Amino acid sequence: MPQLDTDALSAELERGIGHRVRLVYLDSCESTNSECQRLAQHHSVIIAEQQTAGRGRRGNRWHSPSCENIYCSIGLDKTLRSDYLGMISLQVGVSIAQVLRRQGYSDVSLKWPNDIWLRGKKLGGILIETRQLKTDSFFFSIGFGLNLNLDESQLEQINQPATSLNRLSNDPLNRQL
């Protein structure tokens, strides 16, 4: 798979969001969430072609082969009552599922608290990391990964039933779209 066109991606993000974002593109990193936490900048988007230590909840490893999937973290400063913090993962999951459904993947569902499923198998995951800035003010690293172009041997390396969007089309998917 080819690498992402960051100029086109940055322009698309700015059109969709309505303001400039800081897009950080990395060939490889340990984890986009770790990079996002290190940068700690509002409206930052970290995208990597590969993660060497991608992770999920409870330290679970996220399988991250180069140039095959989406590995992304978004940095946001937000004022929010702390009793609403648990809802962010759900909102992110609902948003991702809505986008996938608009793309024709009607069988997408969520498995609480942070998994994106397709036809009873894991398609992606969400990892929210939070740093309190002051009372009711937080910096969020909102990370997500989606399996787009994994073959059968790569799916077998995952420690749970998993799938990839290309399994439905039998063709490699364009990660840029």
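The structure we're discussing is the one just above.
To start, this report covers the structure provided alongside it. Here the residue numbering is sequential within each chain, running from 1 through the sequence in written order. Predicted model: local features are reported for residues with pLDDT of at least 70 only, side-chain atom pairs are reported and counted for 80 or more only, and whole-chain, interface and lining totals are derived from all residues. Computation of side-chain values covers all heavy atoms of the structure but excludes hydrogens and water.

## Some thoughts on the state of the cysteines
To count as a disulfide, a pair of cysteine sulfur atoms needs to be within 2.5 Å. Taken as a whole and judged by the stated rule, the model has zero disulfides. Sulfur of cysteine 36: no disulfide; nearest cysteine sulfur belongs to cysteine 72 and is 8.6 Å away. Exposure remark for cysteine 36: the relative accessible area of 0% places this residue in the buried category. Looking at cysteine 67, it has no disulfide partner, and the nearest cysteine sulfur is the one in cysteine 29, 13 Å off. Exposed residues in this analysis have more than 50% of their type's maximum accessible area, buried residues have under 20%, and partly exposed residues fall in between, with area computed by a 1.4 Å probe over protein chains only.

## Quick word on the sheet that holds strand β2 (residues 44-48)
If you walk across this open sheet you meet the seven strands as β1-β2-β3-β7-β6-β5-β4, and the pairing is mixed. Of all the strands in the sheet, just β1 (22-26) and β4 (108-111) have a single pairing partner and so form its edges. For this sheet, the mean inter-axis angle between neighbouring strands, taken without regard to orientation, is 20°. As defined by bridge partners, strand β3 (residues 70-79) adjoins strand β7 (residues 137-146) across ten bridges and the pair is classed as antiparallel. Think of it this way: DSSP has to see at least two bridges between two strands before they count as a pair. Secondary structure elements are taken from DSSP: a helix is a run of H or I of four residues or more, a strand is a run of E of two residues or more, and numbering for both begins at the N terminus. To obtain each axis, a line is fitted to C-alpha atoms, and for helices this fit is confined to the stretch in contact; angles are then taken between N-to-C directions over 0 to 180 degrees.

## Some thoughts on the environment of valine 108
Tracing the backbone through its elements, the reader meets valine 108 in strand β4. We classify valine 108 as buried; its relative accessible area is 3%. When the C-alpha atoms of valine 108 and leucine 148 are compared, they prove to be 14 Å apart, with 40 residues separating the residues in sequence. Note on definitions: a residue-residue contact is assigned when non-hydrogen atoms from the two residues lie within 4.5 Å. The residues touching valine 108, leaving out its near neighbours within four places in the chain, are Ala97, Leu100, Arg101, Ile116, Trp117 and Leu118.

## Concerning the nonpolar core
Buried Ala, Val, Leu, Ile, Met, Phe, Trp, Tyr and Cys residues that are joined via side-chain atoms within 4.5 Å together make up what is termed a nonpolar core. In terms of nonpolar packing, the biggest core is built from 26 residues, with Ile96, Leu100, Val108, Ile116, Leu123, Leu146 and Leu165 touching the most fellow members. Elements represented by at least two residues in this core include exactly β2, α3 (87-102), β5 (115-118), β6 (121-134) and β7. Counting residues in hydrophobic clusters, the runner-up holds seven residues, among them Val24, Cys36, Ile46 and Ala48.

## Regarding a nonpolar patch on the surface
The grouping of Tyr84, Met87, Leu90, Val94, Leu110 and Trp112 at the surface amounts to a nonpolar patch, some 560 Å² of accessible area in total. Looking at which element gives the most residues to the nonpolar patch, the answer is α3, with three residues. Inspection of the secondary structure puts tyrosine 84 in the loop between β3 and α3. Candidates for patches are residues over 30% relative accessible area with no salt bridge; among them, like charges are joined within 9 Å and nonpolar side chains (Val, Leu, Ile, Met, Phe, Trp, Tyr) within 5 Å. To be clear on the numbers: accessible area is Shrake-Rupley with a 1.4 Å probe, and residue cover counts the displayed protein chains and nothing else. For this document, the term salt bridge refers to a Lys or Arg side-chain nitrogen within 4 Å of an Asp or Glu carboxyl oxygen.

## Quick notes on helix α2 (residues 32-39)
By the burial criterion, the buried members of α2 are Thr32, Asn33, Cys36 and Gln37. Within α2, the buried residues cover an arc of 135° as seen down the axis, which keeps them to one side. Close packing links the buried residues of α2 with β2, β3, β6 and β7. With a side-chain oxygen lying 3.2 Å from the backbone nitrogen of asparagine 33, the N-terminal cap of α2 falls on serine 31. Two residues or fewer after α2 comes alanine 40, characterised by a positive phi angle close to 45°. The arc in question is traced by the directions running from the helix axis to the C-beta atoms. Residues adjacent in sequence count toward polar contacts only when both atoms are side-chain atoms; beyond that, a polar contact is any pair of N or O atoms within 3.5 Å, and within protein one must be able to donate a hydrogen and the other to accept it.

Keep in mind these numbers describe shape, not what the thing actually does.
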